[in-house]
Amino acid sequence: MAVNIVVDGQVVPVQPDTNLLEALLTAGLDVPYFCWHKALGSVGACRQCAVKLYKGTEDNGHIVMACMTPVAAGIRVTIADGEAAAFREAVVEAVLTNHPHDCPVCEVGGECHLQDMTTLTGHTTRRDRFAKRTHLNQDLGPFIKHEMNRCIGCYRCVRFYRDYAGGHDFGTFGANRNVYFGRAENGALESEFAGNLVEVCPTGVFVDKPFSAVFRRKWDMRATPSICPHCAVGCNVTVQERGGKFRRVVNRYNETLNGYFLCDRGRFGMGFLESGQRLRTSRRGGRKNLTHGEVLDALAAVLRADGVIGIGSPRASMESNFVLRELVGAENFHAGLSDYEAAQLEAAIAVMKAVPLATVQDAQAADAIVLLGDDPLVVAPRLALALRQAAQRPPAALLAARGIPAWHDGAARNAATGQRIPVMIVSETPTWLDDVAAVVLREPPEELAVAVSACVAGAAHDGQAAAFARDLLSGERPVVVAGGGPALLFAAANIVLALRRKGVAARLVVLLPEANSVGLGMMDARRLPAMTDRPVVVLENDLSRRGIAFAPARMVVLDHIETPTTEAAELALAIGSFADCDGTFVNMEGRVQPFHKAIFGADDPPPSWMVLRDAGIAAGRVPAGIWATHAELLDAVGKAIPAFAKYTWPLTHGQAPTLPHRFSGRTAMDARFDVREPAPPVHAESPLGTTMEGWAAGEVAPLVWAPGWNSGQAINKLPRAPADVFLFETPLQDAPNFPIPLQPQPPRPAVLPEELSALSPAMIARRQI
Amino acid sequence: MERPLTRNMRKGEAPLDFAGYLRAGGYAAVRDTLGRVAPADVARVVTESGLGGCGGGGFPTGRKWQAMPSRAARPGKRYFIVNADEMEPGTFKDRLLMEGDPHQLIEGVILSAYAIEADTAYIFVRGEYSAAINLLRKAVADAQAAGMLGENILGSGVDLSIHVHAGAGRYICGEETALLNSLEGRRAVPRAKPPLPMTSGLWGCPTIVNNVETVCNIPHIICHGAAWYRALGRDGEAGTKIFGVSGRVKRPGAFELPMGMPMRELIEEHAGGMKDGFLLRAALPGGASTGFVMEAHIDVKMSFPAMAAMGNRLGTGTAIVLDDQTCPIGFIANLQHFFAQESCGWCAPCRDGLPWVEQTLKAIEAGHGEPNDLDLLSEMTNNLAPGRTFCALAPGAMASLQTGLAFFRDEFERHIHSRRCSWQ
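Everything numeric in this text was worked out from a predicted model, so none of it was measured.

Visitor: Give a description of the domain arrangement of chain A that names residues and reports values.
Guide: Residue and element names in this part refer to chain A. On domain assignment, one finds that chain A holds domain 1 (3-96) and domain 2 (354-516). Of note, the centres of domain 1 and domain 2, computed from C-alpha atoms alone, are 37 Å apart. Every contact between the two is made by 8 residues of domain 1 and, on the other side, 5 residues of domain 2. For the side of domain 1 that touches domain 2, the per-class residue count stands at 3 nonpolar, 4 polar and 1 charged.

Visitor: Lay out the sheet that holds strand β14 (residues 309-311) of chain A with the relevant residues and their values.
Guide: Residue and element names in this part refer to chain A. If you walk across this open sheet you meet the 6 strands as β13-β23-β22-β21-β14-β15, and the pairing is mixed. Edge positions in the open sheet fall to β13 (283-284) and β15 (333-334), since each of these has one partner strand only. One ladder, built from 4 bridges, connects strand β21 (residues 536-539) with strand β22 (residues 555-559); its direction is parallel. Bridge assignment links V536 to a residue of β22, and that residue is M555. Against the sheet, helix α8 (residues 292-304) makes contact with β13, β21, β22 and β23 (571-574), and its axis sits at roughly 130 degrees relative to β23, the strand it touches most.

Visitor: Account for the interface of chain B and chain A, with residues named and values stated.
Guide: The partner chain A presents 34 residues to the 31 residues of chain B that form the contact. At the level of secondary structure, the elements contributing two or more residues to the side of chain B that touches chain A comprise α13 (328-342), α14 (348-365) and α15 (373-383) of chain B. The leading source of residues in the side of chain B that touches chain A is α14(B), at 8 residues. Considered class by class, the residues forming the side of chain B that touches chain A number 13 nonpolar, 11 polar and 7 charged.

Visitor: So what's going on with the environment of D276(B)? Residues and values would help.
Guide: Residues and elements named next belong to chain B. Relative to the elements of secondary structure, D276 occurs in the loop between α11 (263-270) and β7 (280-284). Given 7 C-beta atoms within a 10 Å radius, D276 is considered exposed. For the pair D276 and V249, spaced 27 residues apart in sequence, the C-alpha to C-alpha distance is 8.7 Å.

Visitor: Quick rundown of the domain arrangement of chain B? Include the residues and the values.
Guide: All names here are of chain B. By domain assignment, chain B separates into domain 1 (18-232), domain 2 (240-323) and domain 3 (328-418). Its C-alpha centre places domain 1 at a distance of 35 Å from the equivalent point of domain 3. Listed as interface residues are 9 residues of domain 1 and, on the opposing side, 9 residues of domain 3. The residue makeup of the side of domain 1 that touches domain 3, split by class, is 7 nonpolar, no polar and 2 charged.

Visitor: Now, about the pairing of strand β19 (residues 479-483) of chain A: what can you tell me, with residues and values included?
Guide: All names here are of chain A. With 5 of its 5 residues buried, β19 lies for the most part within the structure. Judged by which residues are buried, β19 turns out to be covered on both faces: V479, V481 and G483 on one side and V480 and A482 on the other are all buried. The pairing of strand β16 (residues 369-373) with β19 spans 5 bridges and is classified as parallel. Its bridge partner lying in β19, I369 is registered against V479. Taken together, the 4 bridges between β19 and strand β20 (residues 507-510) define a ladder with parallel strand orientation. Looking at β20, one finds that V481 is bridged to V509. Handedness of the β-α-β unit built from β19, helix α18 (residues 486-501) and β20 comes out right-handed.

Visitor: Just give me the short version of the pairing of strand β12 (residues 245-251) of chain A, but keep the residues and values in it.
Guide: Residues and elements named next belong to chain A. Most of β12 sits inside the fold, with 6 of its 7 residues counted as buried. Relative to β12, strand β11 (residues 236-242) runs antiparallel, the two sharing 6 bridges. Opposite Q240, over in β12, you have R248 as the bridge partner. Between β11 and β12, which follow one another and run antiparallel, lie 2 residues, and G243 among them has a positive phi close to 60 degrees.

Visitor: Go over the sheet that holds strand β10 (residues 222-227) of chain A with me, naming the residues and quoting the values.
Guide: Residue and element names in this part refer to chain A. The strand order across the open sheet formed by 3 strands is β10-β11-β12, and the pairing between neighbours is antiparallel. In this open sheet, the two edge strands, each paired with only one partner strand, are β10 and β12. Averaged over all adjacent pairs, the angle separating strand axes in this sheet is 30 degrees, with direction ignored. Note that β10 and β11 share 6 bridges and pair antiparallel. What sits directly across from I227, in β11, is N236.

Definitions and limits used
Residues numbered from 1 in each chain as written. Chains lettered and ligands numbered in written order. Predicted model: local features only at pLDDT ≥ 70, side-chain atom pairs only at ≥ 80, totals over all residues. Domains from an automatic or database assignment. Contact = placed C-beta atoms within 7 Å. Nonpolar A, V, L, I, M, F, W, Y, C, P; charged D, E, K, R; others polar. Pairing = 2+ DSSP bridges. Helix = DSSP H or I, 4+ residues; strand = E, 2+ residues; numbered from the N terminus. Axes fitted to C-alpha atoms, helices over the stretch in contact; angles between N-to-C directions. Buried ≥ 20, exposed ≤ 12 C-beta atoms within 10 Å, placed from the backbone. Right-handed = clockwise from strand over helix to strand, strands pointing away.

Here is the structure:
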C-alpha cells in the first residue's frame, strides 16, 4: 500500500518501508547521492542526498539525509529548498577538491555518476586552490584497473566487495582524506565478483581493464541486450561494440534474476569473442574459406545421407537444436553429452516439470537453505552470490523488534551479529558458502537428502537429517539447491515435495552447467551410441571436452570456436556466436530469454539454424520456404514443445535503436576507405534495429540512460521491464515422490573451466596468476 | 570543600593499591549495593544526583541507563563500557583519575555495570596512556583476586568481568559508536544513530558507554546519596568536576572544583592567572571542540547549561587559554590541522572539508590569504554543522573557527590585506 508524502508542495505516493531517497528516486524525482545503492542499502556516508524535512506545519524544517530517513505517511519535505540545495552543492564541491580534472581521459567520462551528480547540484566553478591529495595505484590483476586519485570515498566498493560478496582481500586503508581502497599489496583481486566494482564505483577508480584497452565512449558504442552464455543462470547483459569489434559487457538489470551484479566469468569471459581461437571461416579438409554456397552444398550432401545423426548442444540456441532435430528426425537426434551429463539433464528436466523452482531472487529471499552437492560458485556463480545474501540477511523479525529498517545497512548488520538464517551444506568438497553455513557436512549428499525428505514427511530420525528437516519446516520460503547426478536431484526434489505437502512454500534450484542445458533437455534427445558408421552433424559442441570417445567416419561440425572436435571434422563450418545472431536460451530456472545480434562486422557468419535450414531445404529434408522467419521458427518450436508455446519473439512495433542518441563518427570512422555514407547493416525480424533511428514500444531497452543520468545509475529512473516467460510455471499437482535410482550412476567427469570464457585473454591471464 | 574524586591522590605519591583503597573506605559501596539494592534503584539515585556525562555531552547519566531496555525485554548479553580514549586536545582529566586512583574507576564500573545488569565491561583506554593501562590492569587483577570481580562477587550472585582494552590511536574512538566498532575489530568509524548503543550497541547488544570521570563519580553518589552530591556543586549545579587549564598561565593543571564555578575563578585563582607579561585574550572552555569565550565574558559559569546559554559547550571542562602574544589564526589553524588529520574519512564533508579549511587558514597565516577566503570559511562552518556531517567531529572542529571568525574578524582581515601574520 502506497502512502502519500508531500514533496515541494506536491502530493507524491510512495512505498512505505523504504527510505526517503529511494522513494523520491522511484517517484521520478532527482536527488543526488553517492553512497546509497539499492542493493547495498543506506549508510549515510556521503551526505549528498540532503533534503529539508518539516515536523508539523509551523516548523522551519531541518536538513536530513534522505537515504537515512524512513518514509512515513504525511511527512513534508522539500528538495528545492535553497539551504538544502546549497549544502548539496557544497558536498560535491568538497569531494571535488580531491578529484582530478581528468574526465577527458577517463574511461568513465560521459557515463560517470559523479559528473551527473555534479551537474545535478549545479556546481560549476572551482574555488579550491590547493594541492589535491594523490595516491599510488595498485596492480589489481587482469580484470580491474585502479585509479585511486579519482576516489571520492563513497565506500560502495568495500561495501560490495566485503559486506555483500564476502571478499577478504580488498578493504579500506588509512584515514581522513588519505583513505584508500585497495589490497594490502599488489595482486589480482580474488573475488569472483570483482568486476562489479566497475559498476558500483560512482566514478573511475575501478575500470574494466580489457575494455580500457579497446575503449570507446558509452555513446559511441552500439548497445544490445543479450544473455550471458557462460553458465545456466543466463544473467542479462548488455553487449557493446563499435566498428564490428566487441568492446565490453555490462550488467543489464533484471529484477528477478541478476539484479545489479554479474560474475567475473560473465563479464570478462566475453573476451572469447575476440579470441584467436574463433572459427571465422569454413573449411573442408585442407580447403579453407569456403563460400556460403559451398558450405550449403557440402552440408546438404551430408544431410542427404540416410540415417544421418545430429548431435545437439547445451550451448547452442533453442532454434539451432530444434532445426537440427527436425532435419535428422528425433530418433537420430542426440544430446552430445557424456553419460553423466545426459543422466543429470534427464533427471533435472523430470524434476523441473514436477517441482516449483526458485528464481535467483527467490533464492536470495530464502529463509532456510539446504545446499546439496556442487559448489554454486563453480556451476552458477551469480546464484551463489544470491545465496550468500540470503545467508547473511538480518532476520526480519529481529529487525522489526528493534525498529531497524532493513535498508539501514550498518544498523541491520550490527543488530543481527551472530544471527543468520539456517544454511546447511552437504558436499564432498568445500563450497564458497561454507563460511556462512550453520552446518557443513563433508560427505556424499545423496543419503542425507533421502533421510531429510523422510524426516520432513514425519519419519523419526535422530541426527543431522532431523535437524535439517526441522529448520526447513520452520521456514516460510526454504530453498533446496542441488547439483549432482540423478539420485541427488530426485532426493532433493523429494525434500521440496515433502515440504509442500506440509504446507511450506519450498522451492528447488537445480544446478546445471550450460547456457541452454534446459533448452536441450526439452528436445527429448537420445543418448549417444558408442560408435556409428553413419555421418554425423555436430552442432556447437566439443565432444572431446566431455570425454566422449566418439570417432565417426564422417563428421561435420558447426561452431564458432576451434576445438579438437572441429579439427577432427571433415567439414568445419563457421557459424555465429551468441553475439553474432539472434536466438533463445532457457536457463536453469526455466526462464526463456532472447539474445540478439550485438556485433555487426564485415563478414559475420550466419546463425547455425539458418545454415542448417538452408542446407536442409537443399537436401530435400524439409520443404522450401519452411521457417522463413525467426517468428515462424519459434512457432514451430512451440508446436513441437508445448511448454514453449507461450513464448513469442519480442517483436515491437518497429525496431528500437541500438546506437545511442549521441553516437558519433558514423560517416567518419571508415573515411580512410570510403567517404560516402555507409549503408546501415540490415537486421530485419529483430526488435532491435541497427541505427540511431527507430522507436521501441517499450519491450526492449538496449540502453540504461535517462535525462541527466548518464551512468548505469539511470536504472533507478527507468520503468520496470515486463515479466519473463518461464517454461515450468505450473508444477504438477500432487506429484508423487521420485524413486531414487539404486543402480550405480555414470562416473562424473572432471570439471573443466567453462568452455567459452576459457578462451578469453583476460580469463587466461587471471588463471595464470 | 569536599573533593571526592581526588581525595585519595597525594602529590608525588603512587596511587593507592587494593589494600590501601579498601582502608580508605573503598569498595564499601560494592559491598553494600550488590545483591542488596535493586539495580533500578541504583540508576534512580544516579538520576536524582544530577550527574551528567563528563565526556563533554553532559547528558544525564542515570537517564541514559534508564533508557536501556529492561532485562525482561531484551534477555541476553549486555555491556558496560568506559570511554577512556581521552584524546581531546588540552584535556588530561581522565588520565589524572586513572593514574591517580585506578580502583575508584574499577569500583565505579562494578556499580554501573550492576545498575544496568551487564556482566561484561570494557575499559577502552587511549593507547598512549600506558601508565594508566598498566595500573588499571593491575587494579582489575587485584580486585579479581579479592573476589571483587569475577563470578558471584562477594557472594552476591552478581558476575562481572572487566577487560582493559588499549586503543590503537584515533581521536574518533572517543566517539562512542566508533569506539564500539573499534572494540569489535572494525574500522573506527561512527555508526548511524538511531539505533542508539543502549538498544543496539556492542555486537548488537544493549550497551552503555560512559566517560571515566562520570564512572568515577558513581561510588561517591552511591555511598553518600544524591542530595549530598547535588550539594557539592555551586549555584544549583551538582557535584564536583575535574577542570583544567593549559596555556600561558602560572599554574597549568587539573583541579577538582565545584561544578558551576565561574571561569574567571578557575583561571585567575586556581591556575594562578596569566604568566607575567601575557594578557588573557580568550579561552576554549573544554577542549579543542568548544568555542572561544572572550576575556570580557569569563565570568560565565563552568557548567553545561551556562555554556549552552551562550551558544558554547562546556566540553571536557579543561580550558585552553589564548594569550595576547599568540596569533589566533595560527591557533585555530593548528586546531584544524588536528581535526583534519583525525577525521575518520567516512563522511564526505568532514573528510574533504576540514583539509580545505586547514589549508585556507594556513594560507592566510602564511600571507597567502584571499579576500573570498573568509566567506568560504564562514560557509564551511555552516556546511559542517551538526546533522550535516555524520558525527560531531566536524561540528566540534567548527566551534573554534566559527567563534574565531566572529571575535577575531579584524585579525583575519589584517592577515589577508597585509599579506602577513603580525605575530611573526
